[in-house]
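Breakdown of the fold
So you can see what is in the structure, the chains are spelled out below.
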Amino acid sequence: MEQVTPTIDQRAAAWIMRIEGGLADHPADRGGTTYAGLTAPALATVRTVDGRLVYDLDGDGDVDAADVRALAAMPEPQRTALVVRFYEGLWSQVSQMPWPASLLAFDGAVHSGPRVGISLLQKALARCQPMSLEPDGIVGRATITAARMASPWALLDAYYTQRVEFMRGICDRRPDQRVFLLGWLNRASMLRDAGSAR
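To start, this report covers the structure provided alongside it. In this text, all values refer to a predicted model and were calculated from it rather than measured experimentally.

Let us look at the sheet that holds strand E3 (residues 38-39). The strand order across the open sheet built from three strands is E1-E2-E3, with neighbouring strands paired in antiparallel fashion. Either end of the sheet is taken by a strand with one partner, and the two such strands are strand E1 (23-24) and E3. As defined by bridge partners, E1 adjoins strand E2 (residues 34-35) across two bridges and the pair is classed as antiparallel. The residue of E2 that forms the bridge with alanine 24 is threonine 34.

Right under this line is the structure:
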């Protein structure tokens, strides 16, 4: 029997499926081959309780770019079900927070990894209210409390600013990533709009 994780919020699932797009293999992308934002290293972390690799789709004993391409080539509805199944694990880490904090942390976790994504939210929460919050990348009691206290509108603006600063910082440190900057900035703007939707 496999571990059961909380069902993902359908708004969050729809957002990720829309924003992450299809199969990509840009040479400058440090994640390598991706489909719907999923990379082979990320997919390789998911196992059943008896240790089997869930995303070893070609049955060769590992999870690599071939499995990402196999996922992209699967027919519907199996393909979307497998993508959402992966993201349920990330959603379970942020689902105790209200909307839009949960969406912001979820998108950041998908885009930059859970630790970074959650720490970006924590920094944004500290920006928009007078309370100390350690950006440790863990959704604990203090983060949940801060998310519940924050004005949604102030949080959306603070997170947008935090995310833009973070992405520009990446490009300053690694100029080869500038090819992605416009897309990242567009994503941040669209995320702010998605978070404000009821």
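Anyway, onward from the coordinates.
What follows is about the packing of helix H1 (residues 10-20) against helix H4 (residues 78-94). The interhelical angle for the contact between H1 and H4, taken along N-to-C directions, is 115 degrees, at an axis separation of 11 Å. When you trace H1 past H4, the crossing you get is right-handed. For the pair H1 and H4, the contacting residues are Ala12, Ala13, Ile16, Met17 and Glu20 in the first and Thr80, Val83, Val84, Tyr87 and Trp91 in the second. Looking at side-chain class alone, the contact of H1 with H4 contains eight nonpolar, one polar and one charged residues.

This brings us to helix H6 (residues 114-128). For H6, spanning 15 residues, the distance from its first C-alpha to its last is 21 Å, which sits close to the expected 21 Å at 1.5 Å a residue. Residues of H6 that are buried: Gly117, Ile118, Ser119, Leu120, Leu121, Gln122, Ala124 and Leu125. Where H6 is buried, its residues touch H4, helix H5 (101-112), helix H7 (141-149) and helix H8 (152-173).

Quick look at the packing of aromatic side chains now. We describe a pair of aromatic rings using the distance from one ring centre to the other and the angle between the two ring planes. Counted under the stated rule, the structure contains five aromatic pairs. With 6.4 Å between their ring centres and 75 degrees between their planes, tyrosine 55 and phenylalanine 86 make a pair best called edge-to-face. On the criterion of sequence distance, the pair formed by tyrosine 55 in the loop between helix H2 (40-43) and helix H3 (65-73) and phenylalanine 86 in helix H4 is long-range, its members being 31 residues apart. The burial state of tyrosine 55 is the same as that of phenylalanine 86; both residues are buried. For the ring pair phenylalanine 180 and tryptophan 184, a centre distance of 5.9 Å and an interplane angle of 25 degrees mean the geometry is stacked. Considered together, phenylalanine 180 and tryptophan 184 belong to a single accessibility category, that of buried residues.

Reading the values: the criteria
Residues numbered from 1 in each chain as written. Predicted model: local features only at pLDDT ≥ 70, side-chain atom pairs only at ≥ 80, totals over all residues. Heavy atoms only, no water. Pairing = 2+ DSSP bridges. Helix = DSSP H or I, 4+ residues; strand = E, 2+ residues; numbered from the N terminus. Axes fitted to C-alpha atoms, helices over the stretch in contact; angles between N-to-C directions. Left-handed = near helix turned anticlockwise from the far one by under 90°. Contact = heavy atoms within 4.5 Å. Nonpolar A, V, L, I, M, F, W, Y, C, P; charged D, E, K, R; others polar. Expected span 1.5 Å × (residues − 1). Buried < 20%, exposed > 50% of the residue type's maximum accessible area, 1.4 Å probe, protein only. Phe/Tyr/Trp six-rings, centres within 6.5 Å; stacked < 30°, edge-to-face > 60°.

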